[in-house]
Amino acid sequence: MPAAARPHSPDAGAAGATRRVPRQERSRRRVEGILDAAARLVVERGVEALTTRDIAAAAGAPVASLYQYFADKEDVLLALAQRDMDEMDTQVADDLATIEILSVRSLVRTTMGAFVKVYRRRPAFVQIYLRGRTNAAVHRFGREHNARIAESLFDYAIDAGLARNELTLEVAELAVEVGDRVFQLAYETDDGGDQRLVEEGMTMMTAYLERYATPEGLEGIRL
């Protein structure tokens, strides 16, 4: 599967890594409870109104307990985004594994379709990742993850014989950034997403990337 579609190890760390990695089951449940509480509050109040004190109260935990695992509110937000992004990466990998005819078109549509599935399940992720970019830490996290996705899908397309050597990583990064912006617009005010905009985004990205496709990438490869 593409590297970006492999969930991060809890020990691997990221922009939103926890301060102390929970290793015991009880500690892991406590961290999950904190993240679940934060997700509920994000949906109810939005990203900017969130405070660590409110998160701890909603989780039924002392503030001091929260600070054992998270340095500040941004750490909580990024850990929550990372958890949902790992779910998204798994969804992408699972959906790519079901493709019968692999082409540039099916790669784009399957990847973006997997994102939509997770957005539907994780409304807090929509708030944090698609609407919370005014937060500098969330913005940086988004750009870093986009770069990882672009590199992974670039390697995948080249290795599968979908793209010619003229396809560069910079082109792949631009395509991912454009797709990311499409999702931001589609979910800007609509919690369910404007699927017409998503569909237009899929069509636009497919047309852009097919300029670099091999004949097999255009016609499709039966798997």
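Scroll up a little and you will see the structure.
Residues numbered from 1 in each chain as written. Predicted model: local features only at pLDDT ≥ 70, side-chain atom pairs only at ≥ 80, totals over all residues. Heavy atoms only, no water.

(A) A look at the overall build of the protein. A count of helices and strands for the protein gives ten helices and two strands. In the protein, the order of α-helices and β-strands from amino to carboxyl end is α-α-α-α-β-α-α-α-α-α-α-β. Here the protein, with 223 residues, has 48% of them falling under the buried criterion. Contacts spanning at least 24 positions in sequence make up 72% of the contacts within the protein whose residues lie at least 6 apart. Here the protein has roughly 11,000 Å² of accessible surface; of this, 51% comes from carbon and sulfur atoms. (Helix = DSSP H or I, 4+ residues; strand = E, 2+ residues; numbered from the N terminus. Buried < 20%, exposed > 50% of the residue type's maximum accessible area, 1.4 Å probe, protein only. Contact = heavy atoms within 4.5 Å. Areas by Shrake-Rupley, 256 points an atom, 1.4 Å probe, with all protein chains shown as cover.)

(B) Broad picture of helix α6 (residues 123–130). Summarising burial for α6: seven of the eight residues are buried, a large majority. The set of residues buried in α6 consists of A124, F125, V126, Q127, I128, Y129 and L130.

(C) Seen up close, the packing of aromatic side chains. Per the stated rule, a full pass over the model turns up seven aromatic pairs. Ring centres of F125 and Y129 lie 5.0 Å apart, and the angle between their planes is 15 degrees; on these two criteria the pair is classed as stacked. Of this pair, F125 and Y129 both sit in helix α6, four residues apart, which is roughly one turn of the helix. Ring geometry for Y208 against Y212: centres 6.3 Å apart, planes inclined by 80 degrees, an arrangement best described as edge-to-face. Taking relative accessible area as the criterion, Y212 reaches 15% and is therefore assigned buried. Through pairs of rings, three or more aromatic residues link up here, namely F115, Y119, F125, Y129, F141, F183 and Y187. (Phe/Tyr/Trp six-rings, centres within 6.5 Å; stacked < 30°, edge-to-face > 60°.)

(D) Summary view of the side chain of T214. Here T214 shows up in the loop between α9 (195–209) and α10 (215–219). Contact partners of T214, with chain neighbours within four places excluded, come to G161, L162, A163 and R164.

(E) Representation of the pattern of salt bridges in the model. Counting across every chain of the model gives 15 salt bridges. For R143, the salt bridge is made with E177, and the minimal N-O distance between the two is 2.8 Å. Taken as a pair, R143 in helix α7 (residues 136–159) and E177 in helix α8 (residues 169–186) lie far apart in primary sequence, 34 residues in all. The class for E177 is partly exposed, based on a relative accessible area of 24%. (Salt bridge = Lys/Arg side-chain N within 4 Å of Asp/Glu carboxyl O.)

(F) Molecular detail of helix α2 (residues 52–59). Turning to α2, its buried residues are T52, I55 and A56. All buried residues of α2 project into a common sector of 95 degrees when viewed along the axis, lining one side. Among the exposed residues of α2, those pointing more than 90 degrees away from its buried face are R53 and A57. Next to the buried residues of α2 lie α1 (25–45), α3 (63–69) and α4 (73–96). One or two residues past the end of α2 sits G60, with phi positive at roughly 70 degrees. (Arc of directions from axis to C-beta.)

(G) Focus on the environment of A79. With respect to the helices and strands, the residue A79 is situated in helix α4. A79 gets classed as buried once you look at its relative accessible area, which sits at 10%. Sequence-wise, A79 and L35 are 44 residues apart; in three dimensions their C-alpha atoms are separated by 7.7 Å.

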